[in-house]
Amino acid sequence: MSEFSWKIGGEAGYGIMTTGFILGKSFVRAGFFVFDTNEYPSLIRGGHNTYTVRISEDPVFSHSKKIDILVALTDIAIEKHKKEVRKDGFIIYDEGFVNVKELKGINLIPVPLTKIAIEKGGQNIMRNNVALGASFALIDVDPEILYDAIRDTFKGKKGEDIAQTNINVAKAGYEYVLEKFQNINKIKIKSNGKQKRMYINGNEAIAIGAIKAGCKFYAAYPMTPASSILHYLASKENDYNIIVKQTEDEIAAIHMAIGASFAGVRAMTGTSGGGFSLMTEALGLAAITETPLVVVLAQRPGPSTGLPTHTEQGDLRFAMHASNGEFPRVIVAPGDVNECFYETFNAFNIAEKYQLPVIIITDKFLAESHATTDPFFIDGMKIDRGQLLSEDKAKNIQDYKRYENTISGISLRALPSQENTIFKAATDEHDEYGRLSEEPADRIIQVDKRFRKMKVLETEIDGAKFYGDKDAEVIIVSWGSTKGPILEAMKLLHKKDIKVGFLQILYIIPFPVNKTKSFLEDAKKKILIENNKTGQLGSVIKEKTGIDMDYKILKYDGRPFTPEEIVSQIEEVLIHDKL
Amino acid sequence: MTSFEELTTKERPTWCPGCGDWGILTALKKALVELNLPKHQVVVVAGIGCSGHLPQWINTYAFHSLHGRALPVAQAIKLANHELNVIAVGGDGDGYGIGMGHFIHAMRRNVNITYIVHDNQIYGLTTGQASPTSEKGFKTKSTPHGQIEPPVNPIALALSADCSFVARGFAGDVPHLVKLIVQGIQHKGFALIDVLQPCVTFNYLNTFDYFYRRIYKLEEDSSYDPTNKQEAFKRAFEWGERIPIGLFYKENRKTYEDELPQISQMPLVKQKIDFVDIKNLIEEMC
């Protein structure tokens, strides 16, 4: 076996997220590839939380439907997930607290998790660590990798003593299972050698991308699933001299980002769909004042507050058209943690070079799922501040026009405090100097000038990526976080001798028209995959290229696709076509 | 030396003749002259309304923001470059209506900016509807049977929101208003200057004459102590036969910027970003 999946299920408020993360981290350190994803309801205590970790000898891009080890802290965890456990898989459960009758084809591993936790650690919350130890007893690896990861996690936050207690508790779980279940067939997995890799989620990658890009100001109002960008940046604000401001609402957040950017620092805000709704008017303010701005829109299912802690790709059209009036914007949709990092860095360059708002659109699945990746390659990453005037250059300017009607549409950008370049940035339409003007000629000049910037931008951006076989029977088209499950599905389909290609649309605006046409025009079967109800990207493709999708695979239950779901739906399409 | 002339733009304001806004613009320019602030070191931030046009007619840097949103923009400009003098202007609808949330939080935050509110107790630019400070019973286009709600009390709100400088001026007394604006800009912290600003076109009740008959200056009352919050509250609720103007309250406390080690060495905008070393951050993720 070259991979396995582990899942823990229990009530919120019992450290399930940390437990899953520690398990993942220990395997990353040992040289494995890991992908994890979590699921939790919108509450702080109670309810049902899960954390799923997939561990592989080879690169892995999403979770899988099949579970090898289920750790059940509650009866509900058994009920909800027993069907996901593969044949001859394991269920570790808290003996004395969780009731299970015999389950056919599944190895039940009753462990008195809570009892051991209290005996060895003094706290029942440590039962998760007992479960971690117990899990390792079912896997053919050295448990030291677990103890190291526990030490690292707890040492910094809670000190050496607490770390050691947690390790002792895990050891007790490990030894208990080893002794009681001697005849089990352990999961075999072998590391291809230790190599330094990151274990990082989308939000962290965005935050680090922003820091690398020189973001100096982040203003936001807490909203799942964007909040961890706020948390991460706040934790680094003194190390990197970033002002991180939690504001009174999202309206203030975006206006603060605009204000800071106007004053000359790179600024960002982040939110989810509901908060983005409040930001829409100001998106237009950034556009008409030509103030560079980066906005992260981490989607969750709507409308309204919808499913607050789940995932969906329902806001694509909203992002494309948000705010009144017509103005250019850029929308980039990273599909994995690497793209989160590099495209966030690029977003700041684009925003400043073209003096417009850039929206980075992600979703809960991408924002909060950790993946393994090589350390970011940062050599050659260059900050490009475009037409921003230096102090020296500004000194020599006469008759400064902030909104000068240039060929590229991009004008010299001065900053307050520069002596010869006093100007007005105005929410109303204005002339080249920034003075309010309602004259038809000024209006046309300024609208055209703003849109002309997109012409230049289009030539600079390669907005799509292609994976697999161009002449494949099936070409999948998608965007954003579905990338991982699609890449995994392609592996499975390959094993079944079904050839598949995958066109990932990375930039929604400017839309990669030519590349999309070149891959889709002659495609035999074009299948759209989106985590939404209406196939929003499909309609954009139709609008931009005239091409219709042959099939749509859509999911809008608030959960991400599993590779297996994609495979079975593609197989259905193929069978249907043959009939 | 900063002169009144260099602060004056070629374009003439389009406010109604006799509008209180003229007095505020004049007072602001005079205050900048008195403080000798270089014009490129000043940013005036406005919202929407008749007051929102003010930045067009003063020769400094300016950001004309959305309705109610002068304060978040102004605060962030100051945080990004605290060497600038940032002055936000707005109306009563802008600041005490649609922007009320920002108003309260800006005061408790205490970013070192000055906020001048053109308080004419009516919506002017939208041609005469009731505003948050319109008096109860006031008849307007939107309240033809009389305003039902009592008005908000900006001075009392400011005092309760920990505003560190609370003043009220009158557009009909420019020399007095100049003094208040000078003090407000000099004050280290958030300074509110609510300005009674008669709208000569739409407000038939709160006219220049109405205020000339009622206002008195707090500083002329030798018993008044502007560091006593309880006293300030008492005067804040004085409205009717006598209306106080002047400095209601002032306290010295740390500004928001004072609490930020990020900018203790130099303004954010002056910090280099060409190469940010993120090796540690990558390492932490491994």
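Each value, and the rule that gives it
- Residue positions are counted from 1 within each chain, in the order its sequence is given.
- Each chain takes a letter, starting from A, and each ligand takes a number, starting from 1, following the order in which they are written.
- Only residues with pLDDT of at least 70 are given local features in this predicted model, and only at 80 or more are side-chain atom pairs given and counted; all residues enter the totals for whole chains, interfaces and linings.
- Neither water nor hydrogens contribute to the side-chain values; these are computed over all heavy atoms in the structure.
- Strands here are runs of E lasting at least two residues and helices are runs of H or I lasting at least four, both read from the DSSP assignment and numbered beginning at the N terminus.
- Note on contacts: a residue pair is in contact if any heavy atoms of the two residues lie within 4.5 Å.
- Buried area is understood as the total, over both parts, of accessible area removed when two parts are fitted together, assessed with a 1.4 Å probe.
- Within this document, salt bridges are pairs made up of a side-chain nitrogen of Lys or Arg and a carboxyl oxygen of Asp or Glu, the two lying within 4 Å of each other.
- N or O atoms within 3.5 Å of each other form a polar contact, as long as, within protein, one can give a hydrogen and the other can take it, and as long as residues adjacent in sequence are counted only when both atoms are side-chain atoms.
- Residues are sorted three ways: Asp, Glu, Lys and Arg are charged, Ala, Val, Leu, Ile, Met, Phe, Trp, Tyr, Cys and Pro are nonpolar, and all the rest, Gly among them, are polar.
- DSSP-based pairing: two strands are paired if at least 2 bridges between them are found.
- Residue ranges labeled as domains rest on an automatic or database domain assignment.
- Nonpolar core, defined: a set of buried Ala, Val, Leu, Ile, Met, Phe, Trp, Tyr and Cys residues in which side-chain atoms within 4.5 Å join the residues together.
- Each residue is placed in one exposure class: buried if its accessible area under a 1.4 Å probe, protein chains only, is under 20% of its type's maximum, exposed if it is over 50%, and partly exposed if it falls in between.
- Between N-to-C directions, angles span 0 to 180 degrees; the directions come from axes that are lines fitted to C-alpha atoms, helices contributing only their stretch in contact.
- Residue-level confidence of the predictor is summarised by pLDDT, bounded by 0 at the bottom and 100 at the top.
- Two aromatic rings, drawn from Phe, Tyr or Trp (for Trp, its six-membered ring), form a pair once their centres lie within 6.5 Å of each other, and the interplanar angle then sorts them: stacked below 30 degrees, edge-to-face above 60, tilted otherwise.
- For a helix, the expected span equals 1.5 Å multiplied by the residue count minus one.
- Fitting one axis to the seven residues ending at a residue and another to the seven starting there, the bend at that residue is the angle between the two axes.

A. Representation of the environment of F165(B). In this structure, F165(B) sits in strand β5 (residues 165–170). Put simply, F165(B) and N110(B) are 55 residues apart on the chain and 9.5 Å apart in space, counted from C-alpha to C-alpha.

B. Spotlight on the interface of chain A and chain B. With 67 residues of chain A at the contact, the number on the chain B side is 52 residues. Where chain A abuts chain B, roughly 5,100 Å² becomes buried across the two surfaces, and 66% of that area is made up of carbon and sulfur atoms. For the pair chain A and chain B, the interface holds 4 salt bridges. Note that E284(B) and K236(A) form a salt bridge whose closest N and O atoms lie 2.7 Å from each other. For the pair chain A and chain B, the number of links is 28 residue pairs in polar contact (both at pLDDT 80 or more). Among the elements that make up the side of chain A that touches chain B, the one with the highest residue count is helix α9 (residues 250–262) of chain A (8 residues). The residue inventory of the side of chain A that touches chain B, partitioned by class, reads 34 nonpolar, 14 polar and 19 charged. In this structure, strand β15 (residues 424–426) of chain A lies alongside strand β2 (residues 61–64) of chain B, joined through 3 bridges in parallel fashion. Residue pairing in the sheet places A425(A) in a bridge with F63(B) of β2(B).

C. Region of the structure containing the domain arrangement of chain A. Residues and elements named next belong to chain A. The domains assigned to chain A are domain 1 (3–195), domain 2 (201–373), domain 3 (391–460) and domain 4 (465–578). For domain 2 and domain 3, the distance between their C-alpha centroids amounts to 25 Å. Taken residue by residue, the interface counts 21 residues in domain 2 and 24 residues in domain 3. In total, about 1,900 Å² of surface goes out of reach between domain 2 and domain 3, with carbon and sulfur atoms giving 59% of it. If you sort the residues of domain 2 by the area they bury against domain 3, I288, E290 and Y354 come out on top, with a joint share of 36%. Connecting domain 2 to domain 3 are 4 salt bridges. In this structure, the salt-bridge partner of E352 is R413, at a minimum N-O distance of 3.0 Å. Here domain 2 is connected to domain 3 by 12 residue pairs in polar contact (both at pLDDT 80 or more). Looking at the side of domain 2 that touches domain 3, the elements with two or more residues in it are α9, α10 (273–288) and α12 (337–354). Sorting elements by how many residues they give to the side of domain 2 that touches domain 3 places α12 first, with 4 residues. The class makeup of the residues in the side of domain 2 that touches domain 3 is 12 nonpolar, 4 polar and 5 charged.

D. Main features of the nonpolar core. Grouped together as the largest cluster of nonpolar side chains are 164 residues, with contacts concentrated most on F217(A), M268(A), L537(A), I77(B) and L192(B). Broken down by element, this core gets its largest block of residues, 9 residues, from α12(A). Leaving out residues up to four positions away in the same chain, L537(A) has contacts with L316(A), V477(A), S478(A), W479(A), I505(A), I508(A), F511(A), L528(A) and E530(A). Core analysis: the next-biggest nonpolar cluster, separate from the first, contains 52 residues, I16(A), I109(A), V141(A) and A149(A) among them.

E. Structural context of the sheet that holds strand β9 (residues 243–246) of chain A. All names here are of chain A. Spatial ordering of the open sheet is given by β9-β8-β10-β11-β13-β12-β19, a layout of 7 strands whose pairing is mixed. Edge strands, defined here as strands with exactly one partner in the open sheet, are β9 and β19 (507–509). Each adjacent strand pair in this sheet contributes to an overall mean axis angle of 20°, direction not counted. Both strand β12 (residues 330–332) and β19 contribute to a ladder of 2 bridges, which runs antiparallel. The residue of β19 that forms the bridge with V332 is Y507.

F. Layout of unusual backbone geometry. Each neighbour pair has its own omega, and for T224(A) with P225(A) the value is 5°, a cis peptide bond. You can see P225(A) is positioned in the loop between β8 (215–220) and α8 (227–235). Geometrically, the link from I509(A) to P510(A) is a cis peptide bond, its omega value of -5° lying close to zero. Structurally, P510(A) is set in the loop between β19 and α17 (513–520). Not every positive phi belongs to a glycine, and Q355(A) is a case in point at roughly 55°. For Q355(A), a relative accessible area of 1% translates into the label buried. Residue N110(B) is not a glycine yet carries a positive backbone phi of 65°. By the secondary structure assignment, N110(B) is in the loop between α5 (100–109) and β4 (114–119).

G. Looking closely at the confidence of the model for chain B. On average, chain B scores 97 in pLDDT, and the residues at 70 or more come to 100%. Here the predicted complex scores 0.98 on pTM and 0.98 on ipTM.

H. The pairing of strand β2 (residues 33–39) of chain A, seen in detail. All names here are of chain A. Most of β2 sits inside the fold, with 6 of its 7 residues counted as buried. As paired strands, β2 and strand β3 (residues 46–56) are joined by 7 bridges and run antiparallel to one another. Directly across from D36, in β3, lies its bridge partner V53.

I. Molecular detail of the sheet that holds strand β17 (residues 474–478) of chain A. Residue and element names in this part refer to chain A. Sheet architecture is open: 5 strands sit in the order β16-β18-β17-β20-β21, paired in mixed fashion. Every interior strand has two partners, whereas the edge strands, β16 (464–468) and β21 (551–554), have only one. If you compare each strand with its neighbour and ignore which way they point, the axes differ by 20° on average. Note that β17 and strand β20 (residues 525–530) share 4 bridges and pair parallel. Looking across to β20, one finds that I476 is bridged to I527. With respect to the sheet, helix α16 (residues 483–495) is in contact with β16, β17, β18 (500–505) and β20, its orientation differing from that of β18 by roughly 170°. Running over the sheet, helix α18 (residues 536–545) touches β17, β18 and β20 and is turned about 135° from β20.

J. Representation of the environment of A149(A) within the structure. Residue and element names in this part refer to chain A. Its location among the elements puts A149 in helix α5 (residues 144–158). For A149 and A117, which are 32 residues apart along the polypeptide, the C-alpha to C-alpha distance reads 18 Å. When neighbours within four sequence positions are excluded, A149 is seen to be in contact with I22 and S26.

K. Highlighting the pattern of salt bridges. For the coordinates displayed, the defined rule picks out 51 salt bridges over all chains. Across the salt bridge formed by K217(B) and D173(B), the nearest N and O atoms sit 2.8 Å from each other. Of this pair, K217(B) sits in strand β7 (residues 215–217) while D173(B) sits in the loop between β5 and α7 (174–186); the two residues are 44 residues apart in sequence, bridging distant segments of the chain. The exposure class of D173(B) is buried, given its relative accessible area of 17%. Put simply, E3(A), R54(A), E488(A) and K491(A) are held in one network by salt bridges that share partners.

L. Fine view of the packing of aromatic side chains. Residue and element names in this part refer to chain A. Scanning all chains against the criterion turns up 27 aromatic pairs over all chains. Look at F4 and F27: their rings are 5.6 Å apart centre to centre, the planes differ by 75°, and that puts the pair in the edge-to-face class. Placement of F4 in strand β1 (residues 3–12) and of F27 in helix α1 (residues 16–29) is noted, with a sequence separation of 23 residues between them. Take F4 and F27: they sit in the same class, and that class is buried. Measuring from ring centre to ring centre gives 5.1 Å for F27 and F136, while their planes differ by 25°; the resulting arrangement is stacked. Of this pair, F27 sits in helix α1 while F136 sits in helix α4 (residues 127–136), and the two are 109 residues apart along the sequence.

M. Representation of α10(A) in the model. Residues and elements named next belong to chain A. Taking 1.5 Å of rise per residue, 16 residues should cover 22 Å, and α10 covers 22 Å from first to last C-alpha, within 8% of that figure. At M279, α10 shows its largest bend, some 50°. Of all 16 residues that make up α10, 12 are buried, and the element is covered over most of its length. Buried within α10 are the following residues: G273, G275, F276, M279, T280, A282, L283, G284, L285, A286, A287 and I288. Looking one or two residues past α10, E290 carries a phi angle of roughly 55°, positive in sign.

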